[in-house]
Amino acid sequence: MTHRTSDPAFLMVLFANVGFAFKGVFAKLAFATGMTVAGVLMLRIAIALPLFWLAVRLLGHRDQQASGIDWRDGLLIGTFFTLATVTDFMAIDRLGAGLSRMLLFTYPLLVQALTAWRERRLPTRLELTVFAVCYAGLVLLFAPKGFAGHLETREWIGIACGFTAAASYALFLVLGQGIATRVGSARFAAIMNTSTFLVFLLYALIGASPQDFQVPATGLGWIVIMVVAATVLPFLLLFEGIRRTGAGKASLIALSGPAVTLIAARILLGEQILPIQTLGFLLILGGMAALQCGDSIRSDWTAWGHRISRFSSAITGTTSRPTAAATSRSDHWSGALPNSDWSGGR
């Protein structure tokens, strides 16, 4: 059945987003050592890029070479990721790890809209239901400080940066899906990070300040941990999962990220989790469960329906044919399955 082959892709995307969720925590710990946002970003990509190309060497398939067009498109699409990275770290610096994660993980809104637009369809009922439940949870996670009216100018700038990061990241995921399928997830991640490295290299040459190059030993340690546990490994898992399942469904799985970050920020940074945020966390978990189990339940019911139909035909000695109404219902259920080629065999 379909859900058995989809489990590895689900776990890949889930674990990738758990790793990404800790990025803001590690970044805040690096900022606490006196490093600037630009300094953290430059050192992060300088350490990460060789690791991505090492992953290509070890994990890449020889038959998945990148053409000149793939390189061109990958470098251009990588600029969206670069923009998302810069604005995301600015949001982390101004809002903290928890709240900035909430804003970034609104990107499934745009991913679902872009995916539906590319497929020239409306979002399915399952997608809309899961998104409504998860987004309601995100609203509750964001609610306490916003409803209290305690947002200052610095924080409004952080919110704008967070939404910009979400929009840029959504474009990056959707546009990069085809290239990742052609050249492999490891190679595409390396090409995309090469684009980011070139941008920061240019910044280091013409725009960096002396403070950007001050790297305390403790800050270096946190960045190394962030690169390995919250950058390289999550990227490889994420794009392999997207290659198998598609960006639309992967983006819904990623809604678990803010909840993971809230827990990590509470434990490691002392950021407070209020009861209303706990309710939001539970709503997100409920949406995740619906996303993972919805197709499995529907597949099981379909299989039982076929068995009953064959059993009835054996008793009556007739061959059952689908009626127009049944065909219509079948088409309806088929259309309700987002990215139904979730088998991982693409």
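Below, the structure is looked at part by part. Note that the structure is predicted; figures quoted are calculated from it, not measured.

This part covers the packing of helix H4 (residues 68-95) against helix H5 (residues 97-104). Interhelical geometry of H4 versus H5 gives an angle of 140 degrees and a closest axis separation of 7 Å. With respect to H5, the element H4 is oriented oblique. Regarding H4 and H5, the two cross each other, and that crossing is right-handed. Listed contacts from H5 to Asp 88, Ala 91, Ile 92 and Leu 95 of H4 are Leu 99, Ser 100, Arg 101, Leu 103 and Leu 104. Grouping the amino acids of the contact of H4 with H5 by side-chain chemistry returns six nonpolar, one polar and two charged.

Bringing the side chain of Thr 85 into the picture now. Locating Thr 85 in the fold gives a position in helix H4. Excluding residues that lie within four positions of it along the chain, Thr 85 makes contacts with Leu 41 and Arg 44.

For the rest of this paragraph, the subject is the packing of helix H8 (residues 153-183) against helix H9 (residues 185-206). Following both chains from N to C, one finds H8 and H9 inclined at 130 degrees, their axes separated by 8 Å at the closest point. It follows that H8 is oblique to H9 by the angle criterion. Here H8 and H9 pass one another in a crossing that is right-handed. Two secondary-structure elements touch here, H8 through Phe 172, Gly 176, Ile 179, Ala 180 and Val 183 and H9 through Ser 185, Arg 187, Phe 188 and Met 192. Its residues assigned to classes, the contact of H8 with H9 shows six nonpolar, two polar and one charged.

If you walk through the whole model with that rule in mind, you get five salt bridges. Between Asp 70 and Arg 182 there is a salt bridge whose closest N-O contact spans 2.8 Å. One end of the pair, Asp 70, is in helix H4; the other, Arg 182, is in helix H8, and 112 residues separate them in sequence. Overall, Asp 70 belongs to the buried group, its relative accessible area being 6%. Classification of Arg 182 as partly exposed rests on a relative accessible area of 45%.

For Ile 179, the position within the fold is in helix H8. Judged by relative accessible area, which is 4%, Ile 179 ranks as buried. With sequence-adjacent residues up to four places away left out, Ile 179 is seen in contact with Asp 70, Asp 73, Gly 74, Ile 77, Gly 184 and Phe 188.

Our focus in this paragraph is the packing of aromatic side chains. Across all of its chains, the model carries six aromatic pairs by this definition. Both rings, one in Trp 53 and one in Trp 71, keep their centres 5.8 Å apart while their planes meet at 15 degrees; by these two values the pair is stacked. Taken together, the residues span a long stretch of sequence, with Trp 53 in helix H3 (residues 37-59) and Trp 71 in helix H4 at a distance of 18 residues. According to the relative accessible area criterion, Trp 53 is partly exposed, its value standing at 29%. Taken together, the ring pairs connect Phe 81, Tyr 169, Phe 172 and Phe 188 into an aromatic cluster.

Further remarks concern unusual backbone geometry. Despite not being glycine, Arg 120 shows a phi value in the positive range, around 55 degrees. Position of Arg 120 among the secondary structure elements: in the loop between helix H6 (107-118) and helix H7 (125-148).

With that settled, the discussion passes to a nonpolar patch on the surface. The grouping of Leu 198, Leu 201, Leu 202, Leu 205 and Ile 206 at the surface amounts to a nonpolar patch, some 530 Å² of accessible area in total. Checked against the element boundaries, Leu 205 lands in helix H9. Assessed through its relative accessible area of 66%, Leu 205 is described here as exposed.

Cut-offs and rules
- Residues numbered from 1 in each chain as written.
- Predicted model: local features only at pLDDT ≥ 70, side-chain atom pairs only at ≥ 80, totals over all residues.
- Heavy atoms only, no water.
- Axes fitted to C-alpha atoms, helices over the stretch in contact; angles between N-to-C directions.
- Helix = DSSP H or I, 4+ residues; strand = E, 2+ residues; numbered from the N terminus.
- Parallel < 35°, antiparallel > 145°, perpendicular 65-115°, else oblique.
- Left-handed = near helix turned anticlockwise from the far one by under 90°.
- Contact = heavy atoms within 4.5 Å.
- Nonpolar A, V, L, I, M, F, W, Y, C, P; charged D, E, K, R; others polar.
- Salt bridge = Lys/Arg side-chain N within 4 Å of Asp/Glu carboxyl O.
- Buried < 20%, exposed > 50% of the residue type's maximum accessible area, 1.4 Å probe, protein only.
- Phe/Tyr/Trp six-rings, centres within 6.5 Å; stacked < 30°, edge-to-face > 60°.
- Patch = residues over 30% accessible without salt bridge, like charges linked within 9 Å, V, L, I, M, F, W, Y side chains within 5 Å.
- Areas by Shrake-Rupley, 256 points an atom, 1.4 Å probe, with all protein chains shown as cover.

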